[in-house]
Amino acid sequence: MSLIGTGMNLSFSFLSKLALVSFPGNELKQKNKIHDYSQLVYGSDYVFERINEGMIGYMTGVGKGIKPCDRIILREGCESYQYQVEEVDYYSDPSDMWIALLKQVPID
């Protein structure tokens, strides 16, 4: 009898978790962050190599927590641009340095 009860508890627990995975609530969704690099110094704090007339580019920077689908704000002269992180790879040393493929998106 205790085995059946345990089995039922495990089944209920499994089904509860399955429902959360299938239908995540707002608290389970990860929000994409916006990282503002517009006040940092190009060439010292980061490097951005424009490709395709600036619509895409590679950026090397320092900072933890950069993930795909995050946004990065950059400034060129008086203009600000927002880019979405398409891919990011962290260096092994230093561990907070990364390189990312960015795609320009409209500013929110």
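In the block above lies the structure referred to throughout.
No experiment lies behind these values; they were computed from the predicted model shown.

A. Structural detail: the overall build of the protein chain. Within the protein chain one finds one helix and six strands. Ordered by position from the N terminus, the helices and strands of the protein chain form the series α-β-β-β-β-β-β. Across the 108 residues that make up the protein chain, the buried fraction comes to 23%. Counted over contacts in the protein chain with a minimum sequence separation of 6, partners at least 24 positions apart contribute 48%.

B. Just the pairing of strand β4 (residues 71-76), in detail. The pairing of strand β1 (residues 34-36) with β4 spans three bridges and is classified as parallel. Bridged to His35 within β4 is Ile72. Counted along the chain from β4 to the antiparallel partner strand β5 (residues 79-90), the turn is two residues long, and its residue Gly77 has a positive phi close to 65 degrees.

C. Representation of the nonpolar core within the structure. Grouped together as the largest cluster of nonpolar side chains are 13 residues, with contacts concentrated most on Tyr37, Met59, Ile72, Leu74, Trp98 and Leu102. Only β2 (46-51), β4, β5 and β6 (97-105) provide two or more residues apiece to this core. With sequence-adjacent residues up to four places away left out, Leu74 is seen in contact with Tyr37, Ser38, Tyr46, Phe48, Met59, Glu79, Ser80, Tyr81 and Tyr83.

D. Here's a closer look at a nonpolar patch on the surface. Together, Tyr58, Tyr91 and Ile99 line one region of the surface with nonpolar side chains, adding up to about 260 Å² of accessible area. For Ile99, the location among the structural elements is in strand β6.

E. Up close: the sheet that holds β5. Read from one edge of the open sheet, six strands run β1-β4-β5-β6-β3-β2, paired in mixed fashion. Each having just a single partner strand, β1 and β2 make up the two edges of the open sheet. This sheet shows a mean twist of 35 degrees between the axes of neighbouring strands, independent of strand direction.

F. Molecular detail of the side chain of Arg71. Inspection of the secondary structure puts Arg71 in strand β4. Relative accessible area serves as the criterion here: at 18%, Arg71 is assigned to the buried category. A polar side-chain atom of Arg71 sits 3.5 Å from a polar atom in the side chain of Gln84.

G. Quick peek at the packing of aromatic side chains. Going through the model one piece at a time under the given rule, you end up with four aromatic pairs. When the centroid spacing of 6.1 Å and the interplanar angle of 85 degrees are considered together, the rings of Tyr37 and Trp98 count as edge-to-face. Separated by 61 residues along the polypeptide, Tyr37 in the loop between β1 and β2 and Trp98 in strand β6 bring together distant segments of the chain. A single burial state applies to Tyr37 and to Trp98, both of which are buried. One aromatic cluster in this structure is built from Tyr37, Tyr42, Tyr46 and Trp98.

Quick notes on the rules
Residues numbered from 1 in each chain as written. Predicted model: local features only at pLDDT ≥ 70, side-chain atom pairs only at ≥ 80, totals over all residues. Heavy atoms only, no water. Helix = DSSP H or I, 4+ residues; strand = E, 2+ residues; numbered from the N terminus. Buried < 20%, exposed > 50% of the residue type's maximum accessible area, 1.4 Å probe, protein only. Contact = heavy atoms within 4.5 Å. Pairing = 2+ DSSP bridges. Core = buried A, V, L, I, M, F, W, Y, C linked by side-chain atoms within 4.5 Å. Patch = residues over 30% accessible without salt bridge, like charges linked within 9 Å, V, L, I, M, F, W, Y side chains within 5 Å. Areas by Shrake-Rupley, 256 points an atom, 1.4 Å probe, with all protein chains shown as cover. Salt bridge = Lys/Arg side-chain N within 4 Å of Asp/Glu carboxyl O. Axes fitted to C-alpha atoms, helices over the stretch in contact; angles between N-to-C directions. Polar contact = N/O pair within 3.5 Å; in protein donor to acceptor, adjacent residues only side chain to side chain. Phe/Tyr/Trp six-rings, centres within 6.5 Å; stacked < 30°, edge-to-face > 60°.

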